[in-house]
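So you can see what is in the structure, the chains are spelled out below.
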Amino acid sequence: MKRSIAVFVSCLLVGLAAMLTYCSAPSSQSDNDAPPGGDADGDTDGDADGDADGDADSDADGDTDSDADGDTDSDADGDTDADADGDTDTDTSGPLDCLSLEEFKQTIKTLSDFGDRKQGSASYDEADQWLQQRLEQLGYEVERVEYTYNGSPRSSMYVTIVGSTLPDRMYMVSAHLDGRSGGGAADDDASGVSTVLEMARCFAEAPQPPKVSIRFIFWNNEETGLQGSRAYRNQRKDLQGIEDPVGSGNYPEPNWLGIIQFDMVLYDHGLPPQPDQIPEADLDVSYQKDSVQAAASKELAEALVQGAVLYADDYPAQVGDNMYNTDSAPYEDLIPAVSVRENRRDNEIGNGSNPYYHTAQDVYESYSEEDFLFGFNAVQMTTGTLLDLANP
Ligand SMILES: [Zn+2]
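It should be emphasised that the depicted structure is a prediction, and the values quoted were computed from it without experimental measurement. (Residues numbered from 1 in each chain as written. Predicted model: local features only at pLDDT ≥ 70, side-chain atom pairs only at ≥ 80, totals over all residues. Heavy atoms only, no water.)

1. Examining the pattern of salt bridges
Part 1: If you walk through the whole model with that rule in mind, you get 14 salt bridges.
Part 2: Here Lys 105 ties to Glu 102 by a salt bridge, and the two come within 3.8 Å at their closest N and O atoms. One end of the pair, Lys 105, and the other, Glu 102, are both in helix H3 (residues 101–114), three residues apart, so they sit about a helical turn from each other.
Part 3: One salt bridge in this structure joins Asp 128 and Arg 144, with 2.7 Å as the shortest N-O distance. Pair noted here: Asp 128 is in helix H4 (residues 122–137) and Arg 144 is in strand E1 (residues 143–149), with a separation of 16 residues, a long-range link.
Part 4: Classification of Asp 128 by relative accessible area gives buried; the value is 6%.
Part 5: Using a relative accessible area of 26% as the deciding quantity, one classes Arg 144 as partly exposed.
Part 6: Each member of the salt-bridge network shares a partner with another, and the members are Glu 103, Arg 134, Glu 198, Arg 201 and Glu 205. (Salt bridge = Lys/Arg side-chain N within 4 Å of Asp/Glu carboxyl O. Helix = DSSP H or I, 4+ residues; strand = E, 2+ residues; numbered from the N terminus. Buried < 20%, exposed > 50% of the residue type's maximum accessible area, 1.4 Å probe, protein only.)

Here is the structure:
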């Protein structure tokens, strides 16, 4: 795994019981139990929930028995049932309980407050550094693909959860960190970055990695013409599946199984846009109908739409067939490639379905609780679908 040994060991020895508890603690539908700015922040104490696991002990270690929680039973949570989550097995808990609406909102606010993150600007660099630190706090090793844009050095960052049994293949999930137009680029595309970061946090805090690797990518230069995503494709497509060094089990570029790009996931107020979210608001999962990989991409889109049925609490999704103008497009002839958006790019977003799109009003404060909940459903849909796809 690319996560640091220090964090891994720390999690194992100090926080296993609390970590398991955190990731499996029952939560309400909209998961409001993590306080804003509270302890759902990827640190290693794991105790974000006020010891909501139902047991009485509070120490995570500190004695000589062999499990992590200071009691004498054989599982890790300090109760007497056989599973690891401390409940009594009416078990409404699940692997998506690590997702937090409040974390999702807070990341969008933080990025929006940096400014529009135009490529090459100070606000981009500040957001880039913040995001790198955030990923490192979660235990990831941040890597970069470097390239030149108009003669100046640029990079996109990425992190990877290495698969437990199939580390040589991976799904890619991505969004663009750069924005434009002088506001906060909150919907376009802090919302997508927050979606990817929230998934990265959930997978980092899970008790075990998926079988297949997952890479979380944050593109630069989307708004100037997809130069970041093209640079990654061009530099790394021929590195797929190469073990380096031979015999190490280390695959710097696992084979690409598919890419899911998030680009504007907050605002479905219909067309023409209404003041409030429309009752039939739904997520749009698009593939490119005239691409080489159209059939396989449509299949991936349909898997996500089904994932919305299974895992998204409040909103459905539908399949679209005109993905264009986002960072998954450079991959559409190579691998299954889809975008997740609030609306169709062509006849909805392109016709003004978000009045803040590419304006100085695309800031955190322009969006409502319902808008954020809508975006959070994209996180739930994709995390649940990926858990299935990455554990074949
Ligand atoms: Zn965008």
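2. Examining the pairing of strand E6 (residues 283–286)
Part 1: Of the two faces of E6, the one lined by Leu 283 and Val 285 and the one lined by Asp 284 and Ser 286 are each fully buried.
Part 2: In terms of strand pairing, E6 meets strand E7 (residues 317–320) through four bridges, oriented parallel. Bridge pairing in E7 links Leu 283 to Ala 317.
Part 3: Handedness of the crossover joining E6 and E7 through helix H7 (residues 294–311): right-handed.
Part 4: Bridge analysis of E6 against strand E8 (residues 337–341) gives three bridges, and the strand direction is antiparallel. Each bridged residue has a counterpart across the sheet, and for Val 285 the counterpart in E8 is Val 340. (Pairing = 2+ DSSP bridges. Right-handed = clockwise from strand over helix to strand, strands pointing away.)

3. As for H3
Part 1: Helix length check: H3, at 14 residues, gives a terminal C-alpha distance of 21 Å against a target of 20 Å (1.5 Å per residue), a fit within 8%.
Part 2: When you tally the buried positions in H3, you get 10 out of 14 residues, the bulk of the element.
Part 3: Elements that come into contact with the buried residues of H3 comprise H4, helix H5 (186–205) and helix H8 (369–389).
Part 4: You can read the cap of H3 off the contacts: a side-chain oxygen lies 3.2 Å from the backbone nitrogen of Glu 102, and it is on Ser 100.
Part 5: The positive-phi residue at the C-terminal boundary of H3 is Gly 115, with phi of around 115 degrees. (Expected span 1.5 Å × (residues − 1). Contact = heavy atoms within 4.5 Å. Polar contact = N/O pair within 3.5 Å; in protein donor to acceptor, adjacent residues only side chain to side chain.)

4. Thoughts on H4
Part 1: Here H4 is 16 residues long and its end C-alpha atoms lie 23 Å apart, about the 22 Å a rise of 1.5 Å per residue gives.
Part 2: For H4, the complete set of buried residues consists of Ser 123, Tyr 124, Ala 127, Asp 128, Leu 131, Gln 132, Arg 134 and Leu 135. An end-on view of H4 places all buried positions within 165 degrees of arc, on one side of the element.
Part 3: Where the residues of H4 are buried, they touch H3, E1, strand E2 (152–161), H5 and strand E4 (212–219).
Part 4: Following H4 by one or two positions, Gly 139 has its phi on the positive side, about 100 degrees. (Arc of directions from axis to C-beta.)

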